[in-house]
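Overview (structure and organization)
Below, each chain spelled out in residue letters.
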Amino acid sequence: AEDVTLKLSSLMRYMLYDSDQTMIPLSKEVEYLKNYIDLQETRFGEDIKIEFKQDGIIKSCMIEPMLLIPFVENAFKHGLEPKAEGGSLVLRAEVTHGKLLITVKDSGVGYFPADPVAVTEKTAGFGLKNITDRLALIYGGQAAFSIRALEPFEGSGTLAQISVPYKVSPIE
């Protein structure tokens, strides 16, 4: 119980004090994600397998705060939670062609919107529309976001990817 309390307080500190900054080190966002995932593992127990892979170069990367958590929340809420037998979640962060590429892949129920081309509030819900709007506001046309089912059948899982310009933190 003490570990859960510490993780919750760490999540709250991040939301209150770090999320109001324009850009933060990716390492802080990753720490926030890891605390959130640890809490989810407490909820789900052994039924969920988590894997996090990151390229060593990303430690100096800067990113908009709270940009990645909707992907992880959606993976749990819409992908893994509805699946009775549990599943897996893989997060990957890497730098490729001057871009930071974040991939969130789950083995949940899959992503099957009514209109797979349009990511609007009506077809994708508020969270995905919010992500699309934030990316456009912050990065203009330099960012990309995609989400799709891994296979064309239910239970195949979902792959979400976000690509933003690779920005390095200033030397202190």
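Above this text you will find the structure in question.
As a starting point, this report considers the structure included with it. (Residues numbered from 1 in each chain as written. Predicted model: local features only at pLDDT ≥ 70, side-chain atom pairs only at ≥ 80, totals over all residues. Heavy atoms only, no water.)

Once that is clear, we can look at the packing of helix H2 (residues 26-44) against helix H3 (residues 69-80). Look at H2 against H3: their axes get within 10 Å of each other, and the N-to-C directions meet at 15°. Judged by the inter-axis angle, H2 sits roughly parallel to H3. Handedness of the crossing formed by H2 with H3: right-handed. Residues Glu29, Tyr32, Leu33, Tyr36, Ile37, Gln40 and Phe44 of H2 form the contact with H3, whose own contacting residues are Ile69, Val72, Glu73 and Phe76. (Axes fitted to C-alpha atoms, helices over the stretch in contact; angles between N-to-C directions. Helix = DSSP H or I, 4+ residues; strand = E, 2+ residues; numbered from the N terminus. Parallel < 35°, antiparallel > 145°, perpendicular 65-115°, else oblique. Left-handed = near helix turned anticlockwise from the far one by under 90°. Contact = heavy atoms within 4.5 Å.)

Attention now moves to the nonpolar core. Residues Val72, Phe76, Leu89 and Leu135 are the most contacted members of the largest nonpolar core, which totals 43 residues. Every residue in contact with valine 72, bar those within four places of it in the chain, is listed here: Leu33, Tyr36, Ile37, Leu89 and Leu91. (Core = buried A, V, L, I, M, F, W, Y, C linked by side-chain atoms within 4.5 Å. Buried < 20%, exposed > 50% of the residue type's maximum accessible area, 1.4 Å probe, protein only.)

The subject of this paragraph is the side chain of glutamine 40. Considering the arrangement of structural elements, one finds glutamine 40 in helix H2. Here arginine 43 takes part through its side chain, which lies 2.8 Å from a polar atom of the side chain of glutamine 40. (Polar contact = N/O pair within 3.5 Å; in protein donor to acceptor, adjacent residues only side chain to side chain.)

Once that is clear, we can look at the sheet that holds strand S8 (residues 167-168). If you trace the three strands from one edge of the open sheet to the other, you get S1-S3-S8, paired in antiparallel fashion. Looking at strand neighbours, the two that pair on one side only are strand S1 (24-25) and S8, the edges of this open sheet. Where strand S3 (residues 61-63) meets S8, two bridges bridge the pair, whose relative direction is antiparallel. Bridge pairing links methionine 62 to lysine 167 in S8. (Pairing = 2+ DSSP bridges.)

The next subject is the pattern of salt bridges. A complete count under the given rule lists six salt bridges for this structure. One salt bridge in this structure joins lysine 53 and glutamate 51, with 3.2 Å as the shortest N-O distance. Looking at lysine 53, the relative accessible area reads 33%, which means it is partly exposed. With a closest N to O distance of 3.4 Å, glutamate 94 and arginine 92 form a salt bridge. Its relative accessible area of 22% is what places glutamate 94 among the partly exposed residues. Using a relative accessible area of 33% as the deciding quantity, one classes arginine 92 as partly exposed. (Salt bridge = Lys/Arg side-chain N within 4 Å of Asp/Glu carboxyl O.)

It is worth spelling out the environment of isoleucine 48 at this point. Positionally, isoleucine 48 belongs in strand S2 (residues 48-54). Its relative accessible area of 4% is what places isoleucine 48 among the buried residues. Taking the C-alpha atoms as reference points, isoleucine 48 and serine 27, 21 residues apart in sequence, are found 23 Å from one another. With near-sequence residues (within four places) excluded, isoleucine 48 lies in contact with Phe76, Leu80, Gly86 and Gly87.

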